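# Summary of the model geometry
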Amino acid sequence: RGWKERHMLFRCVSRRSRGRNYEAEQQRCRCEASPVEFGEYHPLKPIMVTDTKTRRGARKGSTSSSSSSSSSVPPSDPLSSMLDGTDPLSMFAAASGSESHATSHSSSLGRKKREKEEEAVGPDFEPWSSKRGEILSRFTTTEKLSINLFMGSEKGKAPSPGTSAVSEKVRTRLEELDDLEEGSQRELLNLSQQDYANRIEELNQSLKEAWSSDQKVKALKIVIQCSKLLSDTSVIQFYPSKFVLITDILDTFGRLVFDRIWTMCSDPRPLPDNFTVEDVNDTAKETCLNWFFKIASIRELLPRLYVEAAILKCNRFLTKSGIQETLPRLTAMIRGIGDPLVAAYARAYLCRIGMEVAPQLKDNLNRNFFDLLGTFRQISGETVRNQLVLQRVEPPEYLTLYSPAINWILQCIAYRAPEPLLTEMMERCKTLGNNALLLNSVMRAFRPEFVAARATDFIGMIKDCDESGFPKHLLFGSLGRSLACADPPESERLTILNEAWKVITKVRSPQDYINCAEVWVEFTCRHFTKREVNTVLADMIKHMTPDRAFEDAYPQLQSVIQKILTYFHDFSVLFSMERFLPFLDMFQKDSVRVEVCKSIMEVFIKHQVELTRDPVILNAMLHICKTMHDSVNALTLEDEKRSLSLLIIGFIRVVSFGRDFEQQLSFCVEARATFCNLEPVLVQLIHTVNQLAMETRRVMRGSHSRKTAAFVRACAAYSFITVPSLSSIFSRLNLYLLSAQVALANQCLSQADAFLKAAVGVLPEVPRSISVEGKLRSSESFLLDFINNFLATLLVVPDHPEHGVLYLVRGLLNMVQDYTWEDSSDAKVRVYISALPLLAAMSQESFLYSIPEVDSNETLYGGDPKFLSEINKLCETLIGQILDHLKALSRDDSARRQSALAFSLFAVLLAHGELRNNKLSQLAVNLWNLSHKHGHCETSMSVRTLESIKHQAQQPDTAHLSDTVQRLALQSRT
């Protein structure tokens, strides 16, 4: 049939849509319940899998080449296989790594063995690696540093004739070491702290490169020269950090030597985990002895001590008691070091190595500690005093340099030690006149439970300490850290707090004060009420406000806030503290202030489960949220805006004034003015007001109708004013539609009409592309979704008496007609097709859905022929536009698009058209044939459609479809 004939055909059959009985159709569409006999089946029960395996090498066609086996093991899951390394990528990596397996096998064995030995001390032992970063960041300097290296020549020496092999080895070893110690000098001067660290790291890399290139003597030279640097205390305040950097190199060397000897013992089979000396071959023993002989030949005490300690674990390859015999000897060697600071760190390194290789040998740890106590007299001696004067270092600062070493030694001693040992240590402190440095380390080393139980005794010892050498506030800081982890006796808690704060509040330096006070805040929050916490906050404000000292203590002040939030989750109590908000005012730096406000909001959202109207909470939270909002500017990132918006929205959602709806609306008005720069917050406020309008109608139904209607109109006015301020056009469209639906539900017809007309007026502004998650995407799909929702709403919207029949539908379709669509887009025609079901629903005697107490067009027109005639005319116009577009697609060789549109129109006619009319039935058949003409219609969809039509044809009121379905044929693709 030609296109003109199809136009005439539709004019004849479009006079009315098929009558619908929605209730009967719904009953027919219900799923039929049928009994299911599960038997032994259950979806969670393991599946019996029959696995057929084919033997490799069997001849093709052999009947015995396969075997079957059944098991109750579930089939392998490709995701879970990743966990056991059998996924394709892991298998590929394993296959590709098999070539280098021979070279890496021994090193991996050594690594596994080393990890198991290090685990001997248990996970509750804080490793040295966790202290490394703290030491490097704490002990810094602005002084210029230097590195003196004496690197020997690489020339080989010819053996002298007539000497034996053994004597030649000894002579060569000594010559190498002489060459090492008397070689060329390399001096690096005027290095900054970072440059120094970089140079040490370069030496570490040089050590590894020399080792990998089989230059073992060169590697030893590097280690010896680096060890010598530990005798230099010219920049004494940097010494702890230097110790960390140099011992990294020593640790690397120790691992390389141990792994090499381990490798020599692992051929042809690896050593067991608990190997003995008998498992070590002679070659490995000789190599191990050679290393110890070379190290024993080092002339200077300090490098000889450090390097031997680095390879202490290698004694396991030589004798059963090698480590046990060597540790006391090395401990005695340290007594020959004159500088007490250098000796203290040498003992710390020896204790660290001892804990790694033989943690059970506690006697050596105690011996090192007692020797350390014996050096305390040197600390106050004339030599040290002269050195401090020369370097302009104060005694308290000098004493803190010992802290990492003493803390580590005591940590090793206190590890899993019985409680009486703490009592013994306290007695030794008293014997030494309550040495503050030692007392501080004792409190930090032992378990917090032990210290907390003796908190009152420690306070008495702290009072008796001499404050000139080590400030008492540092001692109280260490005690406070223990009390933050363990509880002292309840009867002593107030006394402990008072005694501690008497000392803390007298600290003059703001930085020292806040460092100590910040520690005790947790103890205060943990055991006392808001009264005591408020007093502590007031004292902090008093100390930190003069000269704006708080500007240098933001991290500590933030920590105070975090600790308070950890223990105070009732924000009515928190904000009733008089000094809490003034304390927040000390955060003057914008970025810090916002971070603090965000942390408060996160805790509030997490713990404020119940709705609140508490004015104290609301005023404080509004102030905090306003602080976050006011930080937004043109440079603020979208992610930051989104984060702030979510926090503010979380606050808005917990605000409720119960049935005081006017107060709730006033709050929303204030919030709109406060948070006008954050669009997601405005969107949430509009949603909140719409919910408020619906809740008002539900609660006040049947009472104070005039007052309720006035309030709902006020809510509508709020939304009508706020929506235009949104920049996102689809947010505006969706909120206009939502607000219209809420107005309809509350019988505010004029307000609903205004919202819908405003939405239609905004549609021409929709751009062709919008930004979605930072990427430009076509807006067409979003626009079509909105229009479909809009059309669904129009079914229940009554016509305005002054604007004619279907004026909103016509206005929407006119907008669609005038909108500038993409050249290759079918969106406009799809809107026309979507409008046909709406018009068909409007022609029914009873609408599919309605709004209580709202008279829709079904009531206003009551099936008036003029109204139905207008619907038919509009349908005729739309069908004409659709058929014209289909004709244009046939000229443009757009067969796939033509097929999709023809099938969509066919589906609409099938669902809503009166197919008893032969001509309308013929149009449907023609559209079916057109959609299948070029083979672009999906076969499965066509088959399901035919099955659905056949099923409908079996129903009494749609039996006429049996004739139509016989004329619908499936065409194969060409």
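Starting from 1, residues in each chain are numbered consecutively following that chain's sequence as written. Only residues with pLDDT of 70 or above have their local features reported here, since the model is predicted, and side-chain atom pairs are shown and tallied only from 80 upward, although totals for entire chains, interfaces and linings are computed over all residues. The basis for every side-chain value is the complete set of non-hydrogen atoms in the structure, without hydrogens or water.

Numbering goes from the N terminus for both helices and strands, where a helix is a DSSP run of H or I of at least four residues and a strand is a run of E of at least two. A count of helical and extended segments in the chain gives 46 helices and six strands. The proportion of buried residues among the 974 residues of the chain is 48%. Contacts spanning at least 24 positions in sequence make up 75% of the contacts within the chain whose residues lie at least 6 apart. Total accessible area on the chain is roughly 50,000 Å²; 51% of this is exposed by carbon and sulfur atoms. Exposed residues in this analysis have more than 50% of their type's maximum accessible area, buried residues have under 20%, and partly exposed residues fall in between, with area computed by a 1.4 Å probe over protein chains only. When checking whether two residues touch, look at their non-hydrogen atoms; a contact exists if any pair is within 4.5 Å. Every accessible area reported is derived by Shrake-Rupley at a probe size of 1.4 Å, with residue values counting cover from the shown protein chains alone.

For helices, the fitted axis covers only the stretch in contact; all axes are lines through C-alpha atoms, and the angles between them, taken along N-to-C directions, range from 0 to 180 degrees. The contact between helix 12 (residues 322-334) and helix 14 (residues 362-374) brings their axes to 10 Å, and the two run at 5 degrees. The angle between the axes of helix 12 and helix 14 places the two elements in the roughly parallel class. Here L327, P328, T331 and I334 of helix 12 lie close against helix 14, whose contacting residues are N364, R367, N368 and D371. Asp, Glu, Lys and Arg are counted as charged, while Ala, Val, Leu, Ile, Met, Phe, Trp, Tyr, Cys and Pro are counted as nonpolar; the rest, among them Gly, fall into the polar class. Considering only residue class, the contact of helix 12 with helix 14 consists of three nonpolar, three polar and two charged. Any angle that falls under 35 degrees is termed roughly parallel, while one over 145 is termed roughly antiparallel, one within 65 to 115 roughly perpendicular, and all others oblique.

Below, the discussion takes up the packing of helix 43 (residues 895-912) against helix 44 (residues 918-931). Contact pair helix 43 / helix 44: the axes reach a minimum separation of 8 Å and the direction vectors enclose 150 degrees. Put simply, helix 43 runs roughly antiparallel to helix 44. Handedness of the crossing formed by helix 43 with helix 44: left-handed. Taking contact as the criterion, the partners of Q898, S899, A902, F903, L905, F906 and L909 in helix 43 are, on helix 44, L920, L923, A924, L927, W928, L930 and S931. A per-class count over the contact of helix 43 with helix 44 returns 11 nonpolar, three polar and no charged. Put simply, a crossing is left-handed when the front helix is turned counterclockwise from the back one by less than a right angle, and right-handed when it is turned clockwise.

Looking now at the pairing of strand 6 (residues 775-778). Judged from the four bridges that link them, strand 5 (residues 769-772) and strand 6 form a sheet pairing that is antiparallel. Note that in strand 6 the partner of S771 across the bridge is L776. The turn linking strand 5 back onto strand 6 is made up of two residues, and E773 within it adopts a positive phi angle of 55 degrees. Two strands pair under a simple rule: DSSP has to find at least two bridges between them.

A pair of Phe, Tyr and Trp rings is counted when the ring centres sit within 6.5 Å of each other, with Trp represented by its six-membered ring. The angle between the planes then sorts it: under 30 degrees is stacked, over 60 is edge-to-face, the rest tilted. Applying the stated criterion across every chain yields a total of 40 aromatic pairs. Where F125 meets W408, the ring centres are 5.5 Å apart and the plane angle is 75 degrees; that geometry is what we call edge-to-face. Remark: W408 occurs in helix 18 (residues 403-414) and F125 occurs in the loop between helix 4 (101-118) and helix 5 (129-138); sequence separation between them is 283 residues. Taken individually, F125 and W408 each receive the classification buried, so the pair is uniform in this respect. With a centroid separation of 6.2 Å and an interplanar angle of 45 degrees, the aromatic rings of F661 and F711 are classed as tilted. Residue F661 is located in helix 33 (residues 661-674), and its partner F711 is located in helix 35 (residues 705-722); the two are separated by 50 residues in the primary sequence. One exposure class covers both F661 and F711, and it is buried. By way of ring pairs, the aromatic residues F125, W128, Y239, F243, Y306, Y345, Y349, W408 and Y415 are connected into one cluster.

Further remarks concern the side chain of T627. Along the polypeptide, T627 turns up in helix 31 (residues 615-630). A residue is classified by how much of its surface remains accessible, and T627, at 15% relative accessible area, is buried. Residues in contact with T627, not counting those within four places in the same chain, are R593, V594 and C597.

All right, on to the environment of F528 then. For F528, the location among the structural elements is in the loop between helix 25 (510-527) and helix 26 (530-544). Put simply, F528 and L497 are 31 residues apart on the chain and 9.9 Å apart in space, counted from C-alpha to C-alpha. Not counting chain neighbours up to four residues away, the residues in contact with F528 comprise R493, L494, L497, F523 and F568.

Right, let's talk about the nonpolar core for a bit. Grouped together as the largest cluster of nonpolar side chains are 308 residues, with contacts concentrated most on F317, Y398, L479, W520 and F651. Contact partners of Y398, with chain neighbours within four places excluded, come to I236, P340, L341, I379, V384, L388 and V393. Residues enter a nonpolar core if they are buried and are Ala, Val, Leu, Ile, Met, Phe, Trp, Tyr or Cys, with the set joined through side-chain atoms within 4.5 Å.

Because each turn of an α-helix spans 3.6 residues, side chains separated by three or four positions in sequence point in the same direction. For helix 34 (residues 679-699), which comprises 21 residues, the first-to-last C-alpha distance of 30 Å matches the rise-based estimate of 30 Å (1.5 Å per residue) to within 8%. The element helix 34 is largely enclosed, with a buried count of 15 among its 21 residues. Take the number of residues in a helix, subtract one, and multiply by 1.5 Å to get its expected span.

Before going further, it helps to spend a moment on helix 25. Between the first and last C-alpha of helix 25 there are 26 Å, a value that for 18 residues agrees with the 26 Å anticipated at 1.5 Å per step. Along helix 25, the helix axis deviates most sharply at W520, where the bend reaches about 25 degrees. In terms of residue burial, helix 25 counts as a mostly covered element, since 13 of its 18 residues are buried. A residue's bend is given by the angle between axes fitted to the 7 residues ending at it and the 7 residues starting at it.

The predictor's confidence in any single residue is recorded as pLDDT, a number from 0 to 100. Confidence in the prediction of the chain, expressed as mean pLDDT, is 84, and 84% of residues score 70 or more. Per-residue pLDDT stays below 50 along residues 1-15; that stretch engages in 29 contacts with residues further than four places along the chain or on separate chains. The low-confidence segment residues 113-119 (pLDDT under 50) makes 13 contacts with residues lying over four places distant or belonging to another chain.

Structurally, the position occupied by S856 is in the loop between helix 40 (827-842) and helix 41 (857-861). Definition of a polar contact: a pair of N or O atoms within 3.5 Å, with one able to donate and the other able to accept a hydrogen when the atoms are protein atoms, and with sequence-neighbouring residues admitted only if both atoms are side-chain atoms. A polar contact of 3.2 Å, which involves the side chain of S856, links it to the backbone oxygen of V796. Leave out the neighbours within four places in its chain, and S856 touches L795, V796, P798 and F847.

So, on to the pattern of salt bridges. For salt bridges, the criterion is a side-chain nitrogen of Lys or Arg within 4 Å of an Asp or Glu carboxyl oxygen. Across all of its chains, the model carries 35 salt bridges by this definition. Notably, a salt bridge pairs R548 with E551, separated by 2.6 Å at the nearest N-O pair. In this structure R548 comes out as partly exposed when scored by relative accessible area, which is 42%. For the salt bridge of E765 with R732, the shortest nitrogen-to-oxygen distance reads 3.6 Å. In this pair, E765 sits in the loop between helix 37 (749-762) and strand 5 while R732 sits in helix 36 (residues 729-745), placing the two residues 33 residues apart along the sequence. Taking the relative accessible area as the measure of exposure, E765 reaches 47% and is therefore partly exposed. Classification of R732 by relative accessible area gives buried; the value is 14%. Several salt bridges share partner residues, and in doing so they unite D251, R352 and E356 into one network.

The subject of this paragraph is the state of the cysteines. Any pair of cysteine sulfurs within 2.5 Å is marked as a disulfide. Evaluated as defined, the whole model comprises zero disulfides. This cysteine, C351, is not joined by any disulfide, and C412 carries the nearest cysteine sulfur, 5.7 Å off. The exposure class of C351 is buried, given its relative accessible area of 0%. The thiol of C668 is not disulfide-bonded; the next cysteine sulfur, from C715, is found 8.3 Å away. A relative accessible area of 0% means that C668 is categorised as buried.

On to unusual backbone geometry. We note that Q747 has phi near 60 degrees; this positive angle belongs to a residue other than glycine. Counting through the fold element by element, Q747 comes out in the loop between helix 36 and helix 37. The class of Q747 is partly exposed, set by a relative accessible area of 23%. One non-glycine residue, E853, lies in the positive phi region at around 70 degrees. Positionally, E853 belongs in the loop between helix 40 and helix 41. Relative accessible area serves as the criterion here: at 56%, E853 is assigned to the exposed category.

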